[in-house]
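Residue-level structural notes
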Amino acid sequence: MDIHLLNALGITNCALFRCNSESDIECLTPELPWLGNVVTIDENNKLQKKHIPSIFLDDFFLDADEVWKGETSFTLSSGFWTEHNESQVLRLEALAINSGSGSRYLVVKNVEEQFDEKRKTLQAARELLLSHHEIVGQHEYIRHKLNGVLRKNTRLQKLVPPIQQAIHNLETGVVILDDKGGLILDNKATHRLLLCNSTTPSSIRVNELLTDIDAPATFLPALVQRKAPWQG
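Note that the structure is a prediction, hence the values are computed from the model and not measured.

Some words on the overall build of the protein
Secondary structure summary: the protein contains eight helices and seven strands in total. Sorting the 232 residues of the protein into buried and exposed places 28% on the buried side. Summed over all atoms, the accessible surface of the protein reaches about 15400 Å², with 55% contributed by carbon and sulfur.

Shown next as structure tokens:
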């Protein structure tokens, strides 16, 4: 793998490192002007892991080392992060790559264009949502209908699997919790919106949101007791 191959794959404006060993990581693109804000490279173009200016990248190396120790092909992404200095703001992403054939690489990408594109996409999505009150109203109607069906759960057990499937495929995020905040049901849209994973389920994300809005501990139990909707 070299910088020309990365450019051919559309991975442009990036720093490429070849990991010969845990203590020998060679920079193949030392001429990048922004690279010094992220890593420290000696006169032999070797990365100095003990002197990494970026705290985020330094932390990423903990997971990257595990990827490089493996024998199978795997690529780990750090996700986007931001570095600030006196003259510029960098939007970056790191990739730890194990080719599975003995080759190990670190790629640090300058993703300013992708970051701006993502921000524009999110803005367009927000504007689209705000302009479609009718769709939001339809979802609210469906929610009320589901509430009515679930209250009649005893005699409508046969409808529960189709209802669960319908919730699962909704584009609107749905999370159903019990009065103690435990997860009963959620869907794919929720996982995308709240960035859920196996270690951080939607119930934890919802509790984080409730904490962010300073909701009291009695908030969820009170909703269950009142059997009334809340929006905000």
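Back to the write-up after that little detour.
Concerning the environment of threonine 75
Position of threonine 75 relative to the elements: it lies in strand β3 (residues 74-84). Sequence separation between threonine 75 and isoleucine 97 is 22 residues, and the spatial gap between their C-alpha atoms is 4.5 Å.

Considerations on the nonpolar core
Membership of the largest hydrophobic core comes to 25 residues, with the highest contact counts inside it found for Phe17, Trp34, Val38, Leu57, Trp68 and Val108. Among the elements of the structure, β1 (14-21), β2 (24-27), α2 (55-69), β4 (89-98) and β5 (104-110) are those that each provide at least two residues to this core. Discounting chain neighbours no more than four positions away, the residues touching leucine 57 are Val38, Val39, Ile52, Trp81, Ala94 and Val108.

What to know about the pattern of salt bridges
Scanning all chains against the criterion turns up seven salt bridges. A salt bridge links glutamate 26 to arginine 18; its shortest N-O distance comes to 3.0 Å. On the basis of relative accessibility, which here comes to 31%, the residue arginine 18 falls in the partly exposed class. Here glutamate 93 ties to lysine 109 by a salt bridge, and the two come within 3.4 Å at their closest N and O atoms. Taken as a pair, glutamate 93 in strand β4 and lysine 109 in strand β5 lie far apart in primary sequence, 16 residues in all.

A look at the packing of aromatic side chains
Aromatic ring pairs: the centre-centre distance and the angle between the two ring planes describe each pair. Tallied over the full model, the rule gives two aromatic pairs. An angle of 15 degrees between the planes, with centres 4.7 Å apart, marks the rings of phenylalanine 56 and tryptophan 81 as stacked. Of the two residues, phenylalanine 56 sits in helix α2 while tryptophan 81 sits in strand β3, which places them 25 residues apart along the sequence. Given a relative accessible area of 35%, phenylalanine 56 falls into the partly exposed group.

Some words on the sheet that holds β4
An order of β2-β1-β5-β4-β3 is seen for the five strands of this open sheet, with the pairing classed as antiparallel. A strand with exactly one partner marks an edge of an open sheet, and here the two such strands are β2 and β3. Strand-to-strand, the axes of this sheet are offset by a mean angle of 20 degrees, without reference to chain direction. Sheet analysis places β4 next to β5, joined by seven bridges and oriented antiparallel. Paired with alanine 96 across the two strands is leucine 106, which belongs to β5.

Conventions used here
Residues numbered from 1 in each chain as written. Predicted model: local features only at pLDDT ≥ 70, side-chain atom pairs only at ≥ 80, totals over all residues. Heavy atoms only, no water. Helix = DSSP H or I, 4+ residues; strand = E, 2+ residues; numbered from the N terminus. Buried < 20%, exposed > 50% of the residue type's maximum accessible area, 1.4 Å probe, protein only. Areas by Shrake-Rupley, 256 points an atom, 1.4 Å probe, with all protein chains shown as cover. Core = buried A, V, L, I, M, F, W, Y, C linked by side-chain atoms within 4.5 Å. Contact = heavy atoms within 4.5 Å. Salt bridge = Lys/Arg side-chain N within 4 Å of Asp/Glu carboxyl O. Phe/Tyr/Trp six-rings, centres within 6.5 Å; stacked < 30°, edge-to-face > 60°. Pairing = 2+ DSSP bridges. Axes fitted to C-alpha atoms, helices over the stretch in contact; angles between N-to-C directions.

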